[in-house]
Structures are given as C-alpha cells and as structure tokens.
Amino acid sequence: MIVSGFKPCGHILNRLIDVYCKSSNFSYAHQLFDQIPKPDIVARTTLITAYSAIGNLTLARKIFNETPLSMRDTVCYNAMITGYSRNNDGYASIRLFGEMRQGGFRPNDLTYTTVLRGAAQIVDFEKQCQQLHCAVVKSGTGFATSVWNALLSVYVRCASSPLVASSSLMGEARNLFNEMPERDELSWTTMITGYIRNEDLHAARELLDGMDERMEVVWNAMISGYAHHNSFQEALLLFRKMRLLGIHQDEFTYTSVISSCANNGLFQLGKQVHAYILRTEAKPTVDFSLSVNNTLLTLYYKCGKLDEARYIFNNMPVKDLVSWNAILSGYVSAGRIQEAKSFFKEMPERSILTWTVMISGLAQNGLGEEAMKLFNQMRLEGFEPCDYAFSGAITSCAALGALEHGRQLHAQLISLGFDSSLSAANALITMYARCGVFEDANSVFLTMPYIDSVSWNAMIAALAQHGHGVQAIDLFEKMLKADILPDRITFLVILSACSHAGLVKEGRHYFSSMCVSYGISPDEGHYARMIDLLCRCGEFTEAKGLIESMPFEPGGPIWEALLAGCRTHGNMDLGIQAAERLFELVPQHDGTYILLSNLYAAIGRWDDVAKVRKLMRDRGVKKEPGCSWIDIENMVHVFLVDDTEHPEVQAVYKYLEQLGLEMRKLGYLPDTKFVLHDMQSEHKEYSLSTHSEKLAVAFGLMKLPLRATIRVFKNLRICGDCHTAIKFMSRVVGRDIIVRDAKRFHHFRNGECSCGNYW
C-alpha cells in the first residue's frame, strides 16, 4: 500500500491495526493508530483489547480514558473490564462496571460474565454473592450459560474465604447449579473443583457419579483433586474406571495419576502407567509428551531411580526449564552434589527455582561457602532472590557459623518484605541457634506471625543444642497444647535434648509415647539417640536390651552411640564388641578407629592404640583433621592442631603461654589422658596446648574488643582438656566464650560451662 501510494480508508486501517496486534507488533499498531486523525471506536477497542491481553493495563486505560464518552459503547467497556478481570484486578473491573451503568450503557451477557470473573477474585462475604446474584437476575442476562458459570464461580471462590462458613455457601452454589437451565463442561468443573477446594471430596465424587455426560475435563478435575489430597487409591481407581468407560485420557489425566504415584512412593504403579502410555500413545503431541515426561522425571527421581530419570530426560524430544529443574532437583535430593554442579553448568537457561535448588543443595550438603558464592552470583546475574533462596543462604551461614553475614541477610529479608516468610524465619531460627546467639533465635520464634511444626522443631533443637534440656521439654509440651502434632523430627530433637541434659526418665517417656500415643514407629535415628542417652548415664544393660529388642538389624549409628558411651565410662569389653560391629558395617569410617583408640589410650594400653592406628593405615582410612574457626571482622580464621600456617599463629602461641601461667595459678593442670600417643609428660602437655580450639579461642581473645563474646566453631567434638582449659580461660579474662563442636554448644562463663561437664 505504501509503495503504490494507496491511502487506505478507516476500516482498512482498523484491519491493519488488528493484524499487527495479533502478530504482537504492538508498537507499529500504535504508530498506525496515531496516524489516524480521528480514530473510531473499533480502532480504540482493538488496541484496548490487545494491550489488556499482554497485561499492559496502563496503556489500555489511557486509550480508554481518551475515548470520548459519546463514542464509547458496550463493547469498548467490555474490553476494558475484561482486561482488569484477566489481570486479576477485580476491584477495578467492578468500579468500571459501576461507571458504565452510571453512564447509561446497557451491560450484556459478556459484561456480566467478565465482571463476575473479576468479582470472584475479591468477594469474601456471603452477602456480596447474593447482591451480585440479584443484579444478574434483574438484568435479564441470567439465561446465558456463561453468566451462570461466572456467578457460580463467585459462590465457589467466596466459599474458600475464612470469613464465611464454606458449607453453607457451597450449599448456595449447589442450589444455583441445580437451577441452571443448561450446564456445560465449565459448570460441572467449577462445581466439582469448588467442593475439592473446600475439602469436600465426598460431595465432589457424588456429583461426578451423577453426571450423564462423560466429560474428560470433569473427570480430570476429580482425579487431580484426589491427587492433591493424597487420596492416591481413589485417584487410581477413578483412573481405571475412566479407562474402562472409554473416556478419553489426556496429558492432564496422566500427570495427575503419575504425580499421585510419585508423592506416595508407588513406583511400580507409576511404572505401569508409564508402560501403558508408551503402548497407547503412538504419536503424542508435543504438549502431551512434554508435560507427561516432566511428571515422569519427578516420579523416577523421587522413587530413587535417578539414572532412569536421566535416561528419560536424555531421550525427550522436547525439553523445557521444568525438565532441567526436575533432574537438577533429583541430583540434589539424592546428595549427588558433584553431578548437580556439573548439570547446573550445562543448563541453557535458569530460573529463580534453579538457583534456589542449587543453593539449598550446596548448603545442605556441607558446602556452605560455595552456596554463599552462588547466592551472590545469582544476584549479579540479575535474579532477585525469593524467600526460599534466602533460606538456602541463611542455612549456609548456619553451617559456617557466619553470624554477621547471617545478620546482613536478615536485614535484607526485612527490607524486601520477606520477614513474614515461614521458610526464611525457620532458617533464621536455626542460623542464630547454630551461631551461638540463642536469644536472637528465640526472638525470631516469638515474633513469627505464623509457626508450623518445622518452627517448633527448630526451636526445640536450638534449646537442645545449647544444653537447655528442661526448657526444650517445656516447649515441646506447649507445642502439644497448641494442637501441633509431633512428627519424626520432633521426637529426634526432643530425644537429643534429653541426651544432652541427662534426662533419662523423660527420654524413656518420650521414646515410649512415640508409638503408643502418636503411632510413630521409632527408626534407627530414634534408637541411636535413646541408646546414646542411656550410655551417657552408664545404663549399659538397658542399652544392650534395647538394641536386642529392635525390630531391625542395628546399623552404624547404633553401635557408634554404644561405643561413645563405652569410651566415656571405660567399658572396655562392650566397647570392643561395638567397634568390631562397626568395622564390619562401615570399615572406612574414621570415627570408629578414633573412639576405640581413645578407649585404649584412656587406660594406657598403648600397644593396642598402635594396633588400631596400624589397622587404619592398612585399610587406607584417614582421620579427619581437627580444625576450629572464628569469624573476626567478616573474615573467617581457621586453625588446625599444631598450626603453623596462620600468619599470626606464633603470637597466639606466645599469648597462650602467658595465659597458661595465669590459669595454673587458679588450679589448672593439663589433663594428659587426652593425649592419644605414648610420650613423655612435658611433650604431652605441649601437644594439648596446640589443639585447634585453644588456638582459635586465644586468637579471639587477642583480636576482639573487651567484653565481646568469643564464638568458636569446631568440626569435631571438643576434647576434655580443652573443655577444662577454656573454663579457666573464661575465668582469667572475665569473658564469655562459646564453642560449638560437632554435637552441641558449650557456653563458658566465670569458669563454668553450660553443659555442666556432661557431654
């Protein structure tokens, strides 16, 4: 047209604007619109509809506002109202509907359909539903099925509001449904999903069974409802019935059924459904193949078949970001973190979910430093972290003991409005507790707007780690009074609390109540904690009896708990028996050799100590080196035993020597029984003085301001002599010293420890 010099008239320009809008060339469409001296209502409505469809309500409303009132018609108003409804702005759609009526424009079926869709998003009182119902009846549009469906959606959505009694409002919805002169697929689906959303699966199924037509969408909605409510048997039976009745099954049917199998660990059933799909769907569409394969990936990796999931992934004709994220989640869930890292690098694109899964995976697999670097990289690449990403980063700070970094993340959470996030708050409780700031953990817990079982478990665990066993039990009882049912994790942490505080009677009670009162069968973790509790108190006969009564063969954690107790109380015969079982079960675990070596060393059997160490060398087992670290001015300083690498270590040794003189004046004597080598006394004393926790504490005392609390973290359990020495240090310097070892926290103040010498 341009080349030929033809000047199109108004209706041809309107068609051109429509063509450009439908091909997503909105800028050129608007350019054409601006060239029209007096654009008519058709051109204006076309652009309003186009901008509304892509969510640009600002431009849509600008064109609408510039349309003279004398030019507007019902179609123009409908376009703008529809834009608000589709973009979840129910209030704006209702306001514009009111303006339309005040302007004398007559609403039609489409007007009521769209405004009711908007109203469904915001109505939360039964009276409002009734007012809208009356307006529809008075308008005379109530004979249109689309209007009835929209009104039905208002009732159903409102029934989900906490401000109404859902049963009564669903009754109103059912009356409306029964009165409808004609029902279509949407009518049935709306009603059934309404019952499902309001937890009434029985009523939904009753309605489905009363249907004469066999509408696959309605059956899919029912199967999906069963799947989301973990009623997997009902979902599978309905799937089978659907197949027997010859009702077409599509990707929505299969994804619901496979998801149900994945969430309930029904791998064989899921595999059968997979085989059935391969048999019956010879030429699946791209949409079918992609959605079903993505759900199959989840089934296989959740059921521990990650390599099979990867095989499906590799052979998928089409992949999307969901496919990549599913395999990444599988590697992370299986603890195959190196493969996860490689896969992450291969991904052609990433979403905030991708970053969050990877950050959380690194944090949960002991790679906190890498997790923090990845969190920072995510932000540099322009991704704004969500609350779950913050949770992963905060979990990393907990593992590293990076308190100041964790506090900075807490401040960012507040500034971004995520402070009410449940997952982030739960991570903060753990972070503050693991960094030795129990008071801040408690403050977060007390100020949370909503708490779940994870919150209670985290707080009980915090009390347990810090040696507050009685308070942990009190909090557990408050949890029960708040009608929060304990789960397996709850009993793990409460038994740990009893173990750390020597509360044998209470531990026996809670271990027994697991099965009797709550129907939770103890697993190996619960037995290990109970045996640890008994052995710490020297109740070896009861501990042996408990092991013999276990409904399964005792594994490594059970025998390790027994061996640790034998080391504490010098029970040589039982300790050797436990060590022999551990050598059979986990021959490469260095802890067994160390505990047995300690047991021999404690009674001076140096030949046996040497034999154990030779056995380690012969089997290629290496002892994890003890290390301690302290965070000073946002820099982590790490110390090893006999450290020579730290740039200021010689100054630390000199300071420790001076401090030792003051400690000896108060009665400190090095306890050489904790030296695990046969050597002369003075060499033993020197060996004890170079332990990593002593070096880290001394460095903190040298560098941190007066009255600042010293917080040291250690990868192994603190040794007995270091525990005694740090008590004396706290008394000499008048400072609070907190040491987190592999098992618990020790708060040293004025020559005493919070553990009461019981650890």
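Along every chain, residues carry numbers that run from 1 in the direction the sequence is written. This being a predicted model, a pLDDT of at least 70 is required before a residue's local features are given, and a value of 80 or more before pairs of side-chain atoms are given or counted; all residues contribute to the totals for chains, interfaces and linings. Hydrogens are left out, water is left out, and the side-chain values use all remaining heavy atoms of the structure.

> Would you mind going over the side chain of T189 with me for this structure?
Each helix corresponds to a stretch of at least 4 residues labelled H or I by DSSP, and each strand to a stretch of at least 2 residues labelled E; elements are numbered beginning at the N terminus. On the secondary structure map, T189 appears in helix 11 (residues 185-197). When sequence neighbours within four positions are dropped, the list of residues in contact with T189 reads V217, V218 and A221. Contact criterion: two residues are considered in contact whenever any of their non-hydrogen atoms come within 4.5 Å of each other.

> Sorry if this is basic, but what is going on with the packing of aromatic side chains here?
The way to describe two aromatic rings as a pair is by their centre distance and the angle between their planes. Only Phe, Tyr and Trp rings take part, Trp by its six-membered ring, and two of them pair if their centres are within 6.5 Å. Stacked means planes under 30 degrees apart, edge-to-face means over 60, and tilted covers everything else. Scanning the entire structure with this criterion turns up 27 aromatic pairs. Ring geometry for W629 and F713: centres 6.1 Å apart, planes at 20°, overall stacked. Pair noted here: W629 is in strand 1 (residues 627-632) and F713 is in strand 3 (residues 710-714), with a separation of 84 residues, a long-range link. Pair check on accessibility: W629 and F713 agree, each one buried. For the ring pair F639 and F699, a centre distance of 5.4 Å and an interplane angle of 55° mean the geometry is tilted. Within this pair, whereas F639 is found in strand 2 (residues 635-640), its partner F699 is found in helix 39 (residues 692-703), the two being separated by 60 residues in sequence. With a 1.4 Å probe rolled over the protein chains alone, any residue whose accessible area is under 20% of its type maximum counts as buried; one over 50% counts as exposed, and the rest are partly exposed. Classification of F639 as buried rests on a relative accessible area of 0%. The structure contains a cluster of three or more aromatic residues connected by ring pairs, namely F239, Y254, Y276 and F288. Geometry around F177 places R183 over its ring, the cationic atom sitting 4.5 Å from the centre. Here, over-ring charges are defined by two tests on the NZ atom of lysine or the CZ atom of arginine: distance to the ring centre within 6 Å, and angle to the ring normal within 35 degrees. Over the ring of Y276 we find R243; its NZ or CZ atom is 4.9 Å from the centre of that ring.

> Help me understand the nonpolar core in this model?
For soluble globular proteins, nonpolar side chains are generally found buried alongside one another. Core analysis: the biggest nonpolar cluster contains 210 residues, and I17, M222, Y254, M431 and L562 have the highest contact counts within it. At 10 residues, helix 9 (residues 145-159) tops the list of elements feeding residues into this core. Those residues in contact with Y254, other than ones at most four positions away along the chain, are F239, Q249, V273, Y276, I277, T280, E281, F288 and V292. For this analysis, a nonpolar core means a set of buried residues of the types Ala, Val, Leu, Ile, Met, Phe, Trp, Tyr and Cys, connected via side-chain atoms within 4.5 Å. Counting residues in hydrophobic clusters, the runner-up holds 31 residues, among them C719, A725, F728 and C753.

> I keep staring at helix 11 and nothing clicks. Help me out?
Within an α-helix, residues lying three or four positions from one another point in the same direction, as the helix has 3.6 residues per turn. Every helix has an expected span of 1.5 Å times one less than the residues it contains. Along its 13 residues, helix 11 runs 18 Å from first to last C-alpha, staying within 8% of the 18 Å computed at 1.5 Å per residue. Along helix 11, the residues that are buried comprise S187, W188, T189, T190, M191, I192, G194, Y195 and I196. For helix 11, the N-terminal cap is D184; the gap from its side-chain oxygen to the backbone nitrogen of L186 is 3.1 Å. Looking one or two residues past helix 11, E199 carries a phi angle of roughly 65°, positive in sign. In the analysis that follows, any N or O atom pair within 3.5 Å is treated as a polar contact, provided that within protein one partner can donate a hydrogen and the other can accept it, and provided that, for residues neighboring in sequence, both atoms belong to side chains.

> Looking at this structure, I do not really get the state of the cysteines. What am I missing?
Cysteine sulfurs are considered disulfide-paired once they come within 2.5 Å of each other. In the structure shown here, the tally under the stated rule is 0 disulfides. Considering cysteine sulfurs only, C566 is the nearest to C535, which forms no disulfide, with 6.1 Å between them.

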